[in-house]
Amino acid sequence: MKNFLRKTLLYGACTCILPGISQASGNNASGLPYWKDIQVVSVNKEKLRSSFMSYPDRAIALKRGFENSPYYSLLNGIWKFYFTDAYGNLPDHITDPAVNTDSWHDITVPGNWEVQGHGIALYTNTGYEFKARNPEPPLLPEENPVGVYRRDFEIPANWDNRDIYLHIAGAKSGVYVYINGEEVGYNEDSKNPAEFLINSYLKPGKNVLTMKIFRWSTGSYLECQDFWRLSGIERDVFLWSQPRIAINDFRVVSTLDDTYKDGIFKLAVDIKNHTPETKNITVGYELIDKTGKTITTSENQLWATNSQVTTTSFEYTVKDAAQWSAEYPNLYKLLMTVKEDGAITEVVPFNVGFWRIELKDIDQVAENGKPYHVLLFNGQPINLKG
């Protein structure tokens, strides 16, 4: 597999004390399974990105909600489930799609397996549940429970010639992903989403998705918190698709000028091109206020280089911007659009609020003769209590 991400254990990243962590961080042996390998956080996973969905046109994008996109397919619901208290007891070829699942349990996704009758939910506040005293990172118990999830799915017909992704919004702890018996990838960053490009693993008609989840992985050493220790698929699982030339990610700056009246808007859009050719495309945006009025719109021509990410940027000053705050959560709608040969191929919506937070000296002077250094939100001082 490719795209190995290197793991660095950070002091203070976890509430637990890790004796000898500096020595353990270099203890990497070849041939270890991913869940035991301190050098592996994920395999073949897409880079983390902003949360967004792809829509075919402006009207549908304005409805928002992932479920309104024809390029979104939710896989939540009842899956087949096999559980064992120790990974060594897993049957051979458990991820083979030919394996009969009639004797497997049903399980609800999302949902931790301990609260659905499998394994034991554990609570501890400061120690590791798998070794409360004197942990020896990156060592893990050999009796490591494993849950195997399986379900069938089909790809919608209108997703032809598009990039298709599997999105796992949260699963704990070490997650192996298989489609039609082929290993797609691995992830153990359990509270962040994991996304995999799966086109090359798909076939026409029915496909079989299998997830083999180890309760503990080397990543568990960075996930010690004061909470119930639970396992399994904890958040949504879905498929989604994009054109082969599409928005990869974007960054928005939406703050206020020094008068706190006008909004400073900056947008950078990253475009990926998974076609074999470099192509000239149009990338644009539209900013809409709460009344539905278009405040500004602009387009840039861009050469999208094949197999690379190319960025285009925009800037605009919004006069008398409606400020965002908790009391008055004014939001603008941002629509980002990609066009090929003059035709819209993708629209991505996002909410934008204009606000500014800063630490600043004010005119009022303290007893020591120096001005107060205060926290300002939209130009107003904030008094934090507690």
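Check the entry above for the structure.
Residues numbered from 1 in each chain as written. Predicted model: local features only at pLDDT ≥ 70, side-chain atom pairs only at ≥ 80, totals over all residues. Heavy atoms only, no water.

Q: Mind laying out empty space enclosed by the protein, listing which residues take part and the relevant values?
A: Counted by the stated rule, this structure contains two cavities of 30 Å³ or more. Here the largest cavity is characterised by a volume of approximately 60 Å³. Around the largest cavity sit Ile168, Gly170, Ala171, Val175, Val177, Tyr186, Asn187, Asp189, Ser190, Asn192, Ala194 and Phe196, which together line it. Partitioned by chemical class, the residues of the lining of the largest cavity number seven nonpolar, four polar and one charged. In this model, the second largest cavity occupies a volume close to 40 Å³. Lining the second largest cavity are Tyr128, Glu129, Phe130, Lys172, Ser220, Glu223, Cys224 and Arg229. Along the lines of polarity and charge, the residues of the lining of the second largest cavity split into three nonpolar, one polar and four charged. (1 Å grid on protein atoms, 1.4 Å probe; cavity = no way out; pocket = protein on both sides within 12 Å on 5 of 7 lines; lining within 4 Å. Points joined across faces, edges and corners; volume = space filled by probe spheres on them. Nonpolar A, V, L, I, M, F, W, Y, C, P; charged D, E, K, R; others polar.)

Q: Break down the sheet that holds strand β2 (residues 72-74) for me, with residues and values.
A: The four strands are arranged β2-β15-β7-β11 in an open sheet whose pairing can be described as antiparallel. Edge positions in the sheet fall to β2 and β11 (194-197), since each has one partner strand and no second. Ignoring strand direction, the axes of neighbouring strands in this sheet form an average angle of 20 degrees. As paired strands, β2 and strand β15 (residues 237-243) are joined by three bridges and run antiparallel to one another. Bridging from a neighbouring strand, Tyr72 pairs with Trp240 of β15. (Pairing = 2+ DSSP bridges. Helix = DSSP H or I, 4+ residues; strand = E, 2+ residues; numbered from the N terminus. Axes fitted to C-alpha atoms, helices over the stretch in contact; angles between N-to-C directions.)

Q: I'd like a description of the packing of aromatic side chains, backed by residues and values.
A: Evaluation of the coordinates by the stated rule reveals 31 aromatic pairs. Their ring planes at 50 degrees and their centres at 6.0 Å tell us that Tyr87 and Phe214 sit as a pair that is tilted. Taken as a pair, Tyr87 in the loop between β3 (77-84) and β4 (105-109) and Phe214 in strand β12 (residues 206-214) lie far apart in primary sequence, 127 residues in all. Ring geometry for Tyr128 versus Phe130: centroids 5.4 Å apart, planes at 25 degrees, classification stacked. When sorted by exposure, Tyr128 lands in the same class as Phe130, which is buried. Across from the ring centre of Tyr71, 3.4 Å away, lies the NZ or CZ of Arg162, which sits over that ring. One Lys or Arg, Lys212, reaches over the ring of Tyr176 and ends 5.0 Å from the middle of that ring. (Phe/Tyr/Trp six-rings, centres within 6.5 Å; stacked < 30°, edge-to-face > 60°. Buried < 20%, exposed > 50% of the residue type's maximum accessible area, 1.4 Å probe, protein only. Lys NZ or Arg CZ within 6 Å of the ring centre and 35° of its normal.)

Q: So, the nonpolar core: which residues are in play, and what are the values?
A: Inside soluble globular proteins, nonpolar side chains tend to come together where they are buried. In this structure, Ile247, Leu267, Ile271 and Phe354 are the most contacted members of the largest nonpolar core, which totals 38 residues. By size, the runner-up hydrophobic cluster in this structure holds 29 residues, among which are Ala194, Ile198, Met211 and Val237. (Core = buried A, V, L, I, M, F, W, Y, C linked by side-chain atoms within 4.5 Å.)

Q: If you had to explain the environment of Ser190 to someone new, which residues and values would you point to?
A: Relative to the elements of secondary structure, Ser190 occurs in the loop between β10 (182-187) and β11. Among the residues examined, Ser190 registers a relative accessible area of 0% and is labelled buried. For the pair Ser190 and Val175, spaced 15 residues apart in sequence, the C-alpha to C-alpha distance is 8.6 Å. Those residues in contact with Ser190 that sit more than four places away from it in its chain are Gly170, Ala171, Lys172, Ser173 and Glu223. Here Glu223 takes part through its side chain, which lies 2.8 Å from a polar atom of the side chain of Ser190. (Contact = heavy atoms within 4.5 Å. Polar contact = N/O pair within 3.5 Å; in protein donor to acceptor, adjacent residues only side chain to side chain.)

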